[in-house]
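Working through the structure, step by step
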Amino acid sequence: MSISNITVFMPSVFTLIGIPGLESVQCWIGIPFCVMYLIAMIGNALLLIIIKSEPSLHEPMYIFLGMLGVTDIALSTSIVPKMLTIFWFHIPEIYFDSCLLQMWLIHTFEGLESGFLLAMALDRYVAICYPLRHAAIFTPQLVTQVAAMVTLRATILVTPTLVLIKCRLHFYYTKVISHCYCEHMAIVKLAAEDVSVNKIYGLFVAFTVAGLDLTCITLSYVQIFITVFRLPQKEARLKAFNTCIAHICVFLQFYLLAFFSFFAHRFGSHIPPYIHILFASIYLLVPPFLNPLVYGAKTKQIRIHVVKMFSF
């Protein structure tokens, strides 16, 4: 394959331009992003403190929620600080290896988030459909094994995307990334070589993780709703349904934003770039921001402990 002389061989630095078309107002866009980040940090840290300090919350559902909180903190921190340096301090440069590391962290934490949402859905499925067997099935050993499997799956599946870029793509049309963070397809699109393998593997990872998890979560909640509506007492149905509302809200906002961002990046050529970049950023920032608020508001045990913590 012949490579044009205008290409760049293994650039040492990339330039992140932020949100294309909105460069003049990025300093203002950074304010809500920063507020969301701070709320995400404080809210998830508060959740972790409550779950750790209250023995009554040392149950699978809350342990998985704590793991989700740690993932949210890590995901937000891998994105927002660099984003704000672009918006507020006009420092768009990022080293090539740092860009790949950020890409790997973002997609790995996305995989972890999806995996923990699936684990929480399965926990609710067993708790509602097989309540007498829940304690025997979701033992501390199983919870540990699930956490390890979710972590290994995300790490093993995402790592080849980094290797494929590092080892296969050496020539780039430009060093400028039209994004505010390093994302897999945003980097791959810059390459002046055959990127079909990178694209195919990216699709494989997306559908293996998000597609499989969403399918399993949906099937779990279908079974949950069937079981709930068969309960003879209205109070029992409402109680069972209320335990699932927070989970449904969280996974709906996560997967709806995720699939919009995914398909817009690959097939939405008619969508203005700033719309896509805004949604891609919101998709990664909203779940860490909303998760502690949703669970704090909809989960009675957590709400009680939050009130107790701030009571004087």
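Note that this is a predicted model, so its numbers are computed, not measured. (Residues numbered from 1 in each chain as written. Predicted model: local features only at pLDDT ≥ 70, side-chain atom pairs only at ≥ 80, totals over all residues. Heavy atoms only, no water.)

**Description of the overall build of the protein**
Check the secondary structure of the protein and you find 10 helices and 5 strands. Since a compact globule built from 312 residues should have a radius of gyration of about 20 Å, the 21 Å found for the protein is in line with a globular shape. Counting only C-alpha atoms, the protein reaches 75 × 45 × 35 Å along its principal axes. In the protein, which comprises 312 residues, the proportion classed as buried is 49%. In the protein, the share of contacts with a sequence separation of at least 24, taken over all contacts with a separation of at least 6, comes to 81%. When the accessible surface of the protein is split by element, carbon and sulfur atoms take 72% of a total near 15,200 Å². For the protein, the distance from the average position of its 19 positive side-chain charges to the average position of its 14 negative side-chain charges is 9 Å. (Helix = DSSP H or I, 4+ residues; strand = E, 2+ residues; numbered from the N terminus. Rg over C-alpha atoms; globule rule 2.2 N^0.38 Å. Buried < 20%, exposed > 50% of the residue type's maximum accessible area, 1.4 Å probe, protein only. Contact = heavy atoms within 4.5 Å. Areas by Shrake-Rupley, 256 points an atom, 1.4 Å probe, with all protein chains shown as cover. Lys, Arg positive; Asp, Glu negative; His and termini not counted. Charge placed at Lys NZ, Arg CZ, Asp CG, Glu CD.)

**Some words on the packing of aromatic side chains**
By convention here, two paired aromatic rings are described through the distance between centres and the angle between planes. For the coordinates displayed, the defined rule picks out 10 aromatic pairs. Ring plane angle 40° and centroid distance 6.2 Å describe the contact between Phe33 and Phe87, whose orientation is recorded as tilted. Residue Phe33 is located in helix H1 (residues 26-53), and its partner Phe87 is located in helix H2 (residues 60-89); the two are separated by 54 residues in the primary sequence. Grouping residues by exposure puts Phe33 and Phe87 together as buried. Ring geometry for Phe225 versus Phe229: centroids 6.5 Å apart, planes at 40°, classification tilted. In this pair, Phe225 and Phe229 are both assigned in helix H7 (residues 196-229), 4 residues apart and thus about one turn of the helix distant. (Phe/Tyr/Trp six-rings, centres within 6.5 Å; stacked < 30°, edge-to-face > 60°.)

**Re the pattern of salt bridges**
Applying the stated criterion across every chain yields a total of 3 salt bridges. In this structure, the salt-bridge partner of Lys166 is Asp97, at a minimum N-O distance of 2.7 Å. Of the two residues, Lys166 sits in helix H5 (residues 140-168) while Asp97 sits in helix H3 (residues 96-129), which places them 69 residues apart along the sequence. Exposure remark for Lys166: the relative accessible area of 32% places this residue in the partly exposed category. With a relative accessible area of 47%, Asp97 lands in the partly exposed category. When the shortest N-O distance is used, the salt bridge between Arg153 and Asp213 registers 2.7 Å. Taken together, the positions of Arg153 in helix H5 and Asp213 in helix H7 put the pair 60 residues apart, joining distant regions of the chain. The exposure class of Arg153 is partly exposed, given its relative accessible area of 22%. Judged by its relative accessible area of 0%, Asp213 is buried. (Salt bridge = Lys/Arg side-chain N within 4 Å of Asp/Glu carboxyl O.)

**Comments concerning the state of the cysteines**
By the definition in use, this model includes 1 disulfide. One disulfide bridge connects Cys99 with Cys182, the sulfur atoms lying 2.0 Å from each other. Looking down the S-S bond of the Cys99 and Cys182 bridge, the torsion is -115°, so its handedness is left-handed. On the criterion of sequence distance, the pair formed by Cys99 in helix H3 and Cys182 in the loop between strand S5 (176-177) and helix H6 (184-188) is long-range, its members being 83 residues apart. We note that Cys216 lacks a disulfide partner, and the nearest cysteine sulfur, in Cys129, lies 14 Å from it. Judged by its relative accessible area of 29%, Cys216 is partly exposed. (Disulfide = S-S within 2.5 Å.)

**Some words on the packing of H2 against helix H9 (residues 273-298)**
For the pair H2 and H9, interaxial distance at closest approach is 9 Å and the crossing angle is 140°. It follows that H2 is oblique to H9 by the angle criterion. Two packed elements cross with a definite hand, and for H2 against H9 that hand is left-handed. Contacts from Leu65, Leu68, Asp72, Leu75, Ser76, Ile79, Val80 and Met83 of H2 reach H9 at Ser281, Leu284, Leu285, Pro287, Pro288, Asn291 and Tyr295. (Axes fitted to C-alpha atoms, helices over the stretch in contact; angles between N-to-C directions. Parallel < 35°, antiparallel > 145°, perpendicular 65-115°, else oblique. Left-handed = near helix turned anticlockwise from the far one by under 90°.)

**A short note on the environment of Gln223**
Within the element layout of this structure, Gln223 appears in helix H7. Judged by its relative accessible area of 36%, Gln223 is partly exposed. Considering only alpha carbons, one finds Gln223 and Val126, 97 residues apart in sequence, at a separation of 10.0 Å. Contact partners of Gln223, with chain neighbours within four places excluded, come to Tyr125 and Cys129.

**Points about the pairing of strand S2 (residues 13-16)**
Here S2 shows one buried face, formed by Phe14 and Leu16, and one open face, formed by Val13 and Thr15. Note: S2 against strand S3 (residues 93-95), 3 bridges, orientation antiparallel. Note on S3: the bridge partner recorded for Val13 is Tyr95. With 2 bridges connecting them, S2 and S5 associate as parallel partners. The residue bridging Leu16 from the neighbouring strand is Ile177, located in S5. (Pairing = 2+ DSSP bridges.)

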